[in-house]
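Architecture at a glance
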Amino acid sequence: MLKKTRVSMKKNKATYRSIILLIFGFYCFICITLIPAGTLLIRQESGSWGDIFSLGQFLTDLCLIPFAIFAFYYTLYELRKSQEHADFNIGWEIPTGMNKTYSDNRPMSANFYSPSIVLSNKGTAPSIHYQITLEIPTEIGRTKMTNPNLDWKGSHQGDFQKFIFTSASHLISFPNAPFINLGKIEFTETALLPEEIVIKYYIASDKDEYKSGKITINFIENKKLEK
């Protein structure tokens, strides 16, 4: 995936180099051919002031043509770039896809592992740099992220334990590609878990607007199940 992005960047650099070389060649052509011809016309006695003015205007128009072409190309590039965007969303991985809410029986063991948190991109452009932040209430006890392939940074801030993952261009999110598995949350004090756990998330990306939301876990009490 990263290789494809590097190839695309190399193509853009090659295009800019080609445009610069074309502009340079165009001005060399003007200097070598048209300017000497204009000088010769001025030196001729038959050349009127109208002819000299027309030649000057013609040379001026020629000099502006490369800038007009470059401006047109740059406008098209920026327009296409503005139309390409990522559209991030995260949720619990379930058999039917992804959902913001997950329900399960109240855990009886000491530890509880949530379903995998997955990231999707429903936009039109890949995103190289993005950051995901999870906020878990500290009142539910100790928690940690479990994914050996991703480097989550944990810290405490107020009433929340924060987990932050930064892609750092190593994990590119492509549009309409399979979900990216961000890992599971391990709850180590199940006796403190309430009926509903609300986890806030924040997503910042180079190709998408800043987003925030929440995912929840609902526990079904064992007494209710017996009925």
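Anything mentioned here points back to the structure above.
This section reports on the structure supplied with the text.

About the thresholds
- Every chain is numbered on its own, with residues counted from 1 as its sequence reads.
- Restriction of local features to residues with pLDDT of at least 70 applies here, the model being predicted, together with a cutoff of 80 or more for giving and counting side-chain atom pairs; totals for whole chains, interfaces and linings are based on all residues.
- To obtain the side-chain values, all non-hydrogen atoms of the structure were included, while hydrogens and water were left out.
- Only DSSP runs of H or I covering at least 4 residues are called helices, and only runs of E covering at least 2 are called strands; the numbering of each starts at the N terminus.
- Relative accessibility under 20% of the residue-type maximum defines a buried residue, over 50% an exposed one, and the middle range a partly exposed one, all with a 1.4 Å probe and only protein chains included.
- Residues count as neighbours in contact if any of their non-hydrogen atoms are within 4.5 Å of one another.
- The accessible surface values rely on the Shrake-Rupley method and a 1.4 Å probe; as for residues, cover is taken only from the protein chains in view.
- At least two bridges found by DSSP between two strands are what make those strands a pair.
- Helix axes are fitted to C-alpha atoms over the stretch in contact, other axes to C-alpha atoms as well, and angles between N-to-C directions run from 0 to 180 degrees.
- Any carboxyl oxygen of Asp or Glu within 4 Å of a side-chain nitrogen of Lys or Arg constitutes a salt bridge here.

Further remarks concern the overall build of the protein. When its secondary structure is counted, the protein shows three helices and 12 strands. Within the span of the protein, comprising 227 residues, buried residues form 31% of the whole. Sequence-distant contacts, at least 24 apart, represent 74% of the contacts inside the protein between residues at least 6 apart. Working note: accessible area of the protein is about 14,600 Å², and carbon and sulfur atoms make up 60% of it.

With that settled, consider the sheet that holds strand 12 (residues 211-220). Taken in spatial order, the six strands line up as 3-12-11-6-9-8 in an open sheet, and their pairing is mixed. Each edge of the open sheet carries a strand with a single partner, namely strand 3 (101-105) and strand 8 (153-157). Taken pair by pair, the neighbouring strands of this sheet meet at an average axis angle of 20°, ignoring direction. Inspection of the sheet shows strand 3 paired to strand 12 by five bridges, in the parallel sense. Bridging across to strand 12, D104 finds its partner in F219.

So, about the pairing of strand 8. Buried residues are scarce in strand 8, accounting for zero of its five residues. The turn joining strand 8 and strand 9 (residues 160-166), which pair antiparallel and follow one another in sequence, is formed by two residues; a positive phi near 65° is taken by G158.

Another aspect to go through is the pattern of salt bridges. Think of it this way: side chains of opposite charge can pair up when their charged atoms draw near. Taken as a whole, this structure holds six salt bridges when the rule is applied. Between D87 and K211 there is a salt bridge, with the nearest N and O atoms lying 2.4 Å from each other. Here D87 is found in the loop between helix 2 (49-83) and strand 1 (88-94), whereas its partner K211 is found in strand 12, with 124 residues between them in sequence. Judged by its relative accessible area of 17%, K211 falls in the buried class. For E189, the salt bridge identified is with R142, shortest N-O distance 3.6 Å. Residue E189 is found in the loop between strand 10 (180-187) and strand 11 (196-205), and its partner R142 is found in the loop between strand 6 (130-137) and strand 7 (143-146); the two are separated by 47 residues along the sequence. Note on E189: relative accessible area 25%, which makes it partly exposed.

Turning our attention to the environment of G154. When you line up the elements, G154 lands in strand 8. Considered as a pair, G154 and T133 are 21 residues apart in the sequence and their alpha carbons are 9.7 Å apart. Filtering out sequence-adjacent residues up to four positions away, G154 remains in contact with K162 and F163.

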